[in-house]
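Structure assessment
Chain residues, written in single-letter form:
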Amino acid sequence: ACTGIENIDEAITLLEQNNWDLVAAINGVIPQENGILQSEYGVETLHGPAYGPPSHSTAASSAPSSSSAFRHVVPSRQIVERQPRMLDFRVEYRDRNVDVVLEDSSTVGDIKHILENELQIPASKMLLKGWKTGDVDDSTVLKSLHLPKNNSLYVLTPDLPPPSSSHSGALQEPLNQNFMLIVTHREVQREYNLNFSGSSTIQEVKRNVYDLTSIPVRHQLWEGWPPSATDDSMTLAVSGLTFPFHRLTVGRRSSPVQTREQSEEQCTDVHMVSDSDGDDFEDATEFGVDDGEMFGVASSALRKSPMMPENAENEGDALLQFTAEFSSRYGDCHPVYFIGSLEAAFQEAFYGKARDRKLLAIYLHHDESVLTNVFCSQMLCAESIVSYLSQNFITWAWDMTKEANRARFLTMCTRHFGSVVAQTIRTQKTDQFPLFLIIMGKRSSNEVLNVIQGNTTVDELMMRLMAAMEIFSAQQQEDIKDEDEREARENVKREQDEAYRISLEADRAKREAQEREMAEQFRLEQIRKEQEEEREAIRLSLEQSLPPEPKEESTESVSKLRIRTPSGEFFERRFLASSKLQVVFDFVASKGYPWEEYKLLGTFPRRDVTQLDPNKSLLEVKLYPQETLFLEAKE
């Protein structure tokens, strides 16, 4: 109603930037002359033409029993069409402070140009830091950042050499020092030894104490801060703390019993006494904080179902219950826990191909630790952490609350990591849990890269995960290189073995072919010999069956035949003219020229004698008294 802002996200952003101080948030948006001021007894609007409350509203607001913190204010045209808003910046650079006043329509680059004239430093060399919304560029309009009226920034010049004066060194020295804060929790009489750098702010200390004690920053009541520590954004180096140790006491702000009239009267005051920052507003369902913690009750007392059954026989079943219980407590946005034994998680993370290997993250839960709820809800379930773990890690979990489960894990730890790591975990106190173990698999053993305790922040957790990932990536590249070289050697060996096998097969095939050829040759030779023997036997038989050659002075008619062989040789013989032609054929066959393979041809006239009737006499076939014949192989 006062600011005309209808976007709830924008309104919440403005409230966070002003530490949930409603008056400061409204005055930061509306110019002071049209804004609202906090009076001694409540919040009153400035009377003017911009506000026109009826008279009965004024009377009602002055009554002590009023149940409303504000008078009803109707925005007018003067509010909607207001003049440009002026922003005040105090910029710190080394030993100087520069005040800059600009309209909210200006850009970040305009601030740098003013600082360039004041500090005599080129704008291109400046890094302007301290923005609550993160890093911005020179073209960012200030109005889009939803800044309060008063802002503190600082300039970094990493490209410029540091000043030679001793005064600047004296200012830097406290920022680099580490302060040991000994914080006593008043209600439980417990001490925490916390290390902070001089550049840390008081607000960061209070947030860390909230993580340890579960006392929200707005409910913290402190003792021991120096009188100069008036602003939560002040660094420890300039707050006046004693170095190197400083004692502080913190407790929960008490809420006295009030009467109904007192409660109604205090409802008119919109400003709660608080040192809180906007980041410390907690809601049980939105920010993962249990109602028990909101009212100082230990969260473990409200939980009935354990994270993991005691003496579970099967680790996979135990992890299924752990995952279901974790989701019911902290929501579905959480790391994907590996369901199975620790050995199976090793197998999944370490024993695949080098390119597919991952780090193993072991989350050790403990319900009795004061850090567990904050670590799970705000760090382990942060989207950035969940995404990074799912991409680069195999996440395995175990509940250390029950003594039997604790002893079982220590036994597994001794078997897989050795007694030193098991002893380290055994000596961890309950309030140091939960623990996050980062494991990297090596050729001979599994190495614990990091043990992260529960008292950390999202940024620190992410940095340590990334640091472990850098170490793993370097080792993985070596493993990939070794694996590629090994595969290359194996491929060469396989190729050589294949070539050798093919060569052996070729040699064997060649040898078998030679053996077959030799066998065939032997067989053919045997057949040839048998045929020759058979021919020789036939020749001898024919030769023996031939009638004797008649003598020249024989009184019977004699035919003289002269026969020429294909090689040009001649052989002659006398036959009785009455002898059958078959006798001539037998004679030629007895000389090695069977009539089945050779033709016996006459010259004049040219004729094939083998086609004549072998039973006719030589006289009948006109081979008398003499004839020259020649042999020719049949086709």
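Everything here concerns the structure above.
Below is a summary of the structure that appears in this document. (Residues numbered from 1 in each chain as written. Predicted model: local features only at pLDDT ≥ 70, side-chain atom pairs only at ≥ 80, totals over all residues. Heavy atoms only, no water.)

Points about the sheet that holds strand 3 (residues 86-93)
The criterion, for reference: Any two strands with at least two DSSP bridges between them are considered paired. Helix and strand labels come from DSSP, where a helix needs a run of H or I of at least four residues and a strand needs a run of E of at least two; each type is numbered from the N terminus. All axes are obtained by fitting lines to C-alpha atoms, using only the stretch in contact for helices, and the reported angles, taken between N-to-C directions, cover 0 to 180 degrees. Residues are treated as being in contact if the distance between any of their heavy atoms lies within 4.5 Å.
Spatially, 4-3-6-5 is the arrangement adopted by the four strands of the open sheet, whose pairing is mixed. Sheet topology places strand 4 (96-103) and strand 5 (127-129) at the edges, where each strand pairs with a single neighbour. Averaged over neighbouring strand pairs, the angle between their axes works out to 30° when direction is ignored. Note: strand 5 against strand 6 (residues 150-156), three bridges, orientation antiparallel. Counterpart to L127 in the pairing with strand 6 is L156. Across the sheet, helix 5 (residues 108-119) touches strand 3, strand 4, strand 5 and strand 6, and the angle it forms with strand 4 is around 140°.

What to know about the pairing of strand 13 (residues 435-441)
Heads up, the rule is: Type-normalised accessible area, obtained with a 1.4 Å probe on protein chains alone, sets the label of each residue: buried when under 20%, exposed when over 50%, and partly exposed for intermediate values.
Of all the seven residues making up strand 13, seven are buried; the element is thus mostly covered by neighbouring parts of the structure. Neither face of strand 13 is left uncovered, since the one carrying L435, L437, I439 and G441 and the one carrying F436, I438 and M440 both have all their residues buried. As defined by bridge partners, strand 11 (residues 359-365) adjoins strand 13 across five bridges and the pair is classed as antiparallel. By the bridge assignment, Y363 is partnered in strand 13 with F436. Pairing between strand 13 and strand 14 (residues 446-452): six bridges, direction antiparallel. Paired with I439 across the bridge in strand 14 is V448.

A few points about the sheet that holds strand 10 (residues 245-252)
Pairing is mixed in the open sheet, where four strands are placed in the order 8-7-10-9. This sheet does not close on itself; its edge strands, each paired only once, are strand 8 (190-197) and strand 9 (220-223). Neighbour-to-neighbour, the strand axes of this sheet turn through a mean angle of 30°, independent of strand direction. Judged from the four bridges that link them, strand 9 and strand 10 form a sheet pairing that is antiparallel.

Points about empty space enclosed by the protein
For clarity, the threshold we go by: Using a grid of 1 Å spacing that covers the protein atoms alone, one calls a set of points a cavity when a 1.4 Å probe fits there but cannot get out, and a pocket when the set is open and has protein on both sides within 12 Å along at least five of seven lines; lining residues are those with an atom within 4 Å of a point. Grid points are joined across faces, edges and corners, and a volume is the space filled by probe spheres set on the points.
With the rule as written, the count across this model stands at two cavities of 30 Å³ or more. Of the volumes computed, that of the second largest cavity is approximately 40 Å³. In this structure, the second largest cavity is lined by F585, V588, Y593, P594, W595, Y598, K599, L600, T610 and L631. For the lining of the second largest cavity, the secondary-structure elements that each account for two or more residues are helix 18 (581-590) and strand 17 (598-602). Ranked by residues supplied to the lining of the second largest cavity, first place goes to strand 17 with three residues.

Observations concerning the packing of aromatic side chains
Which entries qualify depends on this criterion: Side-chain rings of Phe, Tyr and Trp (the six-membered ring for Trp) are treated as a pair once their centres are within 6.5 Å; stacked means planes under 30 degrees apart, edge-to-face means over 60, and tilted covers the remaining angles. The rule for a charge over a ring is simple: NZ of Lys or CZ of Arg within 6 Å of the ring centre, and within 35 degrees of the ring normal.
Counted according to the given criterion, the structure contains 20 aromatic pairs. Considering the side-chain rings of Y388 and F393, the 6.3 Å spacing of their centres and the 50° angle between planes classify their relative orientation as tilted. Across the pair, F393 and Y388 agree in class, each one buried. Relative to Y598, the ring of Y593 has its centre 5.1 Å away and its plane inclined at 80°; by these criteria the two rings are edge-to-face. We note that Y593, like Y598, is buried. Taken together, the aromatic side chains of F322, F326, Y330, Y337, Y363, F375 and F436 make up a single cluster linked through ring pairs. Positioned above the aromatic ring of F570, the side-chain terminus of R562 is 4.0 Å from the ring centre.

Overview of the side chain of N450
Selection rule: What qualifies as a polar contact is a pair of N or O atoms within 3.5 Å, subject to a donor-acceptor requirement within protein and to the restriction that residues adjacent in sequence count only when both atoms come from side chains.
Examined against the element boundaries, N450 turns out to sit in strand 14. One polar contact links N450 to R464, side chain to side chain, over a distance of 2.8 Å. Ignoring any residue separated from it by four or fewer positions in sequence, one finds N450 in contact with F436, L437, I438 and R464.

Note that all results are geometric; they support no functional claim without further evidence.
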